Amino acid sequence: QVQLVESGGGLVQAGGSLRLSCAASGLTFSSYRMAWFRQAPGQEHEFVAAISLGGITTYYADSVKGRFTIFRDDAKNTVYLQMNNLKPEDTAVYCCAASVYTTSYFYLPSRYSTWGQGTQVTVSS
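The structure presented is a predicted model; accordingly, all values stated were derived computationally and were not measured.

Visitor: Just checking my understanding: could you explain the environment of Lys65 for this structure?
Guide: Summarising the element assignment, Lys65 is placed in the loop between strand S6 (58–60) and strand S7 (68–73). Considered as a pair, Lys65 and Phe37 are 28 residues apart in the sequence and their alpha carbons are 14 Å apart. A polar contact of 3.2 Å, which involves the side chain of Lys65, links it to the side chain of Asp62.

Written out as structure tokens, the structure reads:
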């Protein structure tokens, strides 16, 4: 059974930091491109960050570039999102996703076949 489980969300003041984790099971983790998306109430999934096989290449949305860092530990089947200098507009449910497509269109939700349930991040002003 393929499963992605996120953790690490919570309530933080603007300017604070959080680290999200996404633990994978039931798949060959090292063969998947991994990504983080977020979804605010009434909105569609918004691309946040992605990381290629082996962590060689990372991609970020302009809105988080310089503040967020995505990294992976293939030995632990886990991908992380370090979020610094958080802003109220970062408030959303953050979901990790796995894709067998390892090239192009990393920002499209439709390219990801496996999703976690998400973890809530709330940033107060």
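Visitor: What should I look at first to understand the pattern of salt bridges in this one?
Guide: Between side chains of opposite charge, a pair can form when the charged atoms approach closely. Scanning the model with the defined rule gives 5 salt bridges in all. Between Arg67 and Asp90 there is a salt bridge; the shortest N-O distance is 2.7 Å. In this pair, Arg67 sits in the loop between S6 and S7 while Asp90 sits in the loop between strand S8 (78–83) and strand S9 (92–99), placing the two residues 23 residues apart along the sequence. When sorted by exposure, Arg67 lands in the same class as Asp90, which is buried. We note a salt bridge from Asp74 to Arg72, for which the minimum N-O separation is 2.8 Å.

Visitor: Looking at this structure, how should I read a nonpolar patch on the surface?
Guide: On the surface, a nonpolar cluster with roughly 280 Å² of combined accessible area is contributed by Tyr105, Tyr107 and Leu108. Relative to the helices and strands, Leu108 is located in the loop between S9 and strand S10 (114–115).

Visitor: How should I be thinking about the packing of aromatic side chains in this particular structure?
Guide: Scanning the model with the defined rule gives 9 aromatic pairs in all. Centroid distance Phe37 to Phe47: 5.8 Å. Interplanar angle 70 degrees. Geometry classified as edge-to-face. Of this pair, Phe37 sits in strand S4 (residues 33–39) while Phe47 sits in strand S5 (residues 46–51), and the two are 10 residues apart along the sequence. Like Phe47, Phe37 is buried. A centroid spacing of 5.4 Å and a plane angle of 90 degrees characterise the contact between Phe106 and Tyr107, whose relative ring orientation is edge-to-face. Put simply, the rings of Phe37, Phe47, Tyr59, Tyr105, Phe106, Tyr107, Tyr112 and Trp115 touch in pairs and so form one group of aromatic residues. Over the ring of Phe29 we find Arg72; its NZ or CZ atom is 4.6 Å from the centre of that ring.

Visitor: Explain the state of the cysteines here, please?
Guide: Here, the word disulfide means a covalent bond between the sulfur atoms of two cysteines. Under the criterion given, the structure shown has 1 disulfide. Between the sulfur atoms of Cys22 and its disulfide mate Cys96 the distance is 1.9 Å. Taking the torsion about the sulfur-sulfur bond, which here is approximately 50 degrees, the covalent link between Cys22 and Cys96 counts as right-handed. Linking Cys22 in strand S3 (residues 18–25) with Cys96 in strand S9, this pair joins segments that are 74 residues apart in sequence. For the residue pair Cys22 and Cys96, the accessibility class agrees, reading buried in each case. There is no disulfide at Cys95, and the cysteine sulfur nearest it, in Cys96, is 7.6 Å away.

Visitor: How do you make sense of the sheet that holds S8 when you look at a structure like this?
Guide: Hydrogen bonds between backbone groups are what pair the strands of a sheet, and the pairing can be parallel or antiparallel. Judged by pairing direction, the sheet is antiparallel, and its 4 strands sit side by side in the order S1-S3-S8-S7 without closing on themselves. Two strands in the sheet have a free side with no partner beyond their single neighbour: strand S1 (3–7) and S7. The average angle at which neighbouring strand axes cross in this sheet is 15 degrees, direction not considered. Where S3 lies against S8, 6 bridges are found, and the strand directions are antiparallel. Residue pairing across strands places Ser21 opposite Tyr80, the latter belonging to S8.

Each value, and the rule that gives it
- The residue count restarts for each chain, going from 1 along the sequence in the order it is written.
- In keeping with the model being predicted, local features are shown solely for residues with a pLDDT of at least 70 and side-chain atom pairs are shown and tallied solely at 80 or more, while totals for entire chains, interfaces and linings include all residues.
- Only hydrogens and water are removed before side-chain values are computed, so all heavy atoms of the structure are retained for them.
- In this description a helix means any DSSP run of H or I spanning at least four residues, a strand means any run of E spanning at least two, and both kinds are numbered starting from the N terminus.
- In the analysis that follows, any N or O atom pair within 3.5 Å is treated as a polar contact, provided that within protein one partner can donate a hydrogen and the other can accept it, and provided that, for residues neighboring in sequence, both atoms belong to side chains.
- Just to be clear on terms, a salt bridge is a Lys or Arg side-chain nitrogen sitting within 4 Å of an Asp or Glu carboxyl oxygen.
- Think of it in three bands: residues with accessible area under 20% of the maximum for their type are buried, residues over 50% are exposed, and the middle band is partly exposed, with areas taken using a 1.4 Å probe on protein chains only.
- Residues enter patches when they are more than 30% accessible in relative terms and free of salt bridges; like-charged ones are connected within 9 Å and nonpolar ones (Val, Leu, Ile, Met, Phe, Trp, Tyr) within 5 Å.
- All accessibility values rest on the Shrake-Rupley procedure with a 1.4 Å probe; residue burial counts only the protein chains present in the view.
- Two aromatic rings from Phe, Tyr or Trp, using only the six-membered ring of Trp, form a pair when their centres are within 6.5 Å; if the ring planes differ by under 30 degrees the pair is stacked, by over 60 it is edge-to-face, and anything between is tilted.
- Two thresholds decide whether a charge sits over a ring: the Lys NZ or Arg CZ must be within 6 Å of the ring centre and within 35 degrees of the ring normal.
- Here, a disulfide means two cysteine sulfur atoms that sit within 2.5 Å of each other.
- Strands qualify as paired when DSSP identifies two bridges or more between them.
- Axis definition: a line fit to C-alpha positions, over the contact stretch in the case of helices; interaxial angles, taken between N-to-C directions, run 0 to 180 degrees.

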